[in-house]
Amino acid sequence: MSIVDDMERFLEERLDEFLKDHPYLELQILEDKLRDQEMGTLRLIQDLKREEKQHQGAILATAEEVQRWHGRVSKAKQAGRQDLMQAAQEREAALLRQGNQQWGQMELTRQRLQQTQTLFQQIQRRRQEVKAKIQAQKTTPQPEGSAGWYQPRPTPGADPLEDQFRQWEIEADLQDLKRRMGQ
């Protein structure tokens with residue numbers, strides 16, 4: 001192993017130990033990752049909805065072309081132009097095949113959209129669960145002598161300035177941890 005690999009393993013082990021000693025940070029990091037996943041999934045949903053509308057527009061345009069060529073088939077047949085009628089029928093059939101392919105693509109997009117919406121709901125539920133755990137950890141007093149720097153102790157008439165500083169320090173520690181993790 002190289003020195004870099006040894007150093008990387010050492011840092012990962014220290015980070016794991018740090019997170020075990022500070023479960024609040026671990027939950028906060030998880031919540032951040034879930035928030036990022038939620039936003040990415042939401043962007044994907046928007047993209048898929050746009051794609052679905054594009055497919056619908058293409059299908060409508062193809063349907064109009066099919067109607068136009070169907071009318072031309074009828075005109076050529078009435079005029080006794082078998083050569084034009086045959087060519088128009090071939091064009092109409094090709095457009096119908098194209099429309100069927102477009103319909104299939106739209107259905108695949110709809111399925112992906114439905115799956116992505118389901119995933120989005122699952123991510124939202126998981127994030128709410130993590131938020132609830134974070135809130136429960138903030139309000140649950142830690143046993144005396146427990147390890148960890150985050151030990152909220154609800155006191156009657158708590159100092160709002162103290163609470164603001166505590167929150168600011170927690171956020172600063174989290175940002176520092178993220179920076180050290182290379183995120």
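One structure accompanies this document, and this report is about it. Keep in mind the model is a prediction, meaning the values are calculated, not measured.

### Concerning the overall build of the protein chain
Then, in step 1: Counting its regular elements, the protein chain contains four helices and zero strands.
Then, in step 2: Helices (α) and strands (β) of the protein chain occur, in sequence order from the N terminus, as α-α-α-α.
Then, in step 3: Taking all 183 residues of the protein chain together, the buried fraction comes to 24%.
Then, in step 4: Contacts spanning at least 24 positions in sequence make up 73% of the contacts within the protein chain whose residues lie at least 6 apart.
Then, in step 5: When the accessible surface of the protein chain is totalled, it reaches about 13300 Å², and 53% of it is carbon and sulfur.

### Observations regarding the packing of aromatic side chains
Then, in step 1: For the coordinates displayed, the defined rule picks out zero aromatic pairs.
Then, in step 2: The ring centre of Trp-69 lies 4.5 Å from the NZ or CZ of Arg-72, which sits over that ring.

### Overview of a nonpolar patch on the surface
Then, in step 1: On the surface, Met-7, Phe-10 and Leu-11 cluster together into a nonpolar patch covering about 300 Å² of accessible area.
Then, in step 2: Within the secondary structure, Phe-10 sits in helix α1 (residues 3-21).
Then, in step 3: Classification of Phe-10 by relative accessible area gives partly exposed; the value is 40%.

### Brief notes about the pattern of salt bridges
Then, in step 1: Tallying each qualifying case throughout the model produces 10 salt bridges.
Then, in step 2: Note that Glu-31 and Arg-35 form a salt bridge whose closest N and O atoms lie 3.2 Å from each other. One end of the pair is Glu-31 and the other is Arg-35, both in helix α2 (residues 23-78) and four residues apart, which spans about a single turn.
Then, in step 3: Take Arg-35: its relative accessible area is 30%, and that puts it in the partly exposed class.
Then, in step 4: Taken together, the shared-partner salt bridges in this structure form one network comprising Glu-31, Asp-32, Arg-35, Glu-38 and Arg-127.

About the cut-offs
- Sequence positions are assigned chain by chain, starting from 1 and proceeding in written order.
- Only residues with pLDDT of at least 70 get local features here, since the model is predicted, and only at 80 or more are side-chain atom pairs given and counted; chain-wide, interface and lining totals rely on the full set of residues.
- As a convention, hydrogens and water are excluded, and side-chain values are obtained from all of the structure's heavy atoms.
- The secondary structure listing takes helices from DSSP runs of H or I that are at least 4 residues long and strands from runs of E that are at least 2 residues long, numbered from the N terminus.
- With a 1.4 Å probe rolled over the protein chains alone, any residue whose accessible area is under 20% of its type maximum counts as buried; one over 50% counts as exposed, and the rest are partly exposed.
- Whether two residues are in contact is decided by their heavy atoms: any pair within 4.5 Å suffices.
- Under the convention used here, a 1.4 Å probe and the Shrake-Rupley method define accessible areas, while residue burial counts only the protein chains that appear.
- Classification of ring pairs uses Phe, Tyr and Trp, with its six-membered ring standing for Trp, and accepts pairs whose centres are within 6.5 Å; under 30 degrees between planes counts as stacked, over 60 as edge-to-face, and the remaining range as tilted.
- Definition used: whenever NZ (Lys) or CZ (Arg) falls within 6 Å of the ring centre and also within 35 degrees of the ring normal, the charge is taken to sit over that ring.
- Only residues whose relative accessible area exceeds 30% and that take part in no salt bridge are eligible for patches, with like-charged residues grouped when within 9 Å of each other and nonpolar side chains (Val, Leu, Ile, Met, Phe, Trp, Tyr) grouped when within 5 Å.
- For salt bridges, the criterion is a side-chain nitrogen of Lys or Arg within 4 Å of an Asp or Glu carboxyl oxygen.

Remember, this is a structural readout, not a statement about activity or role.
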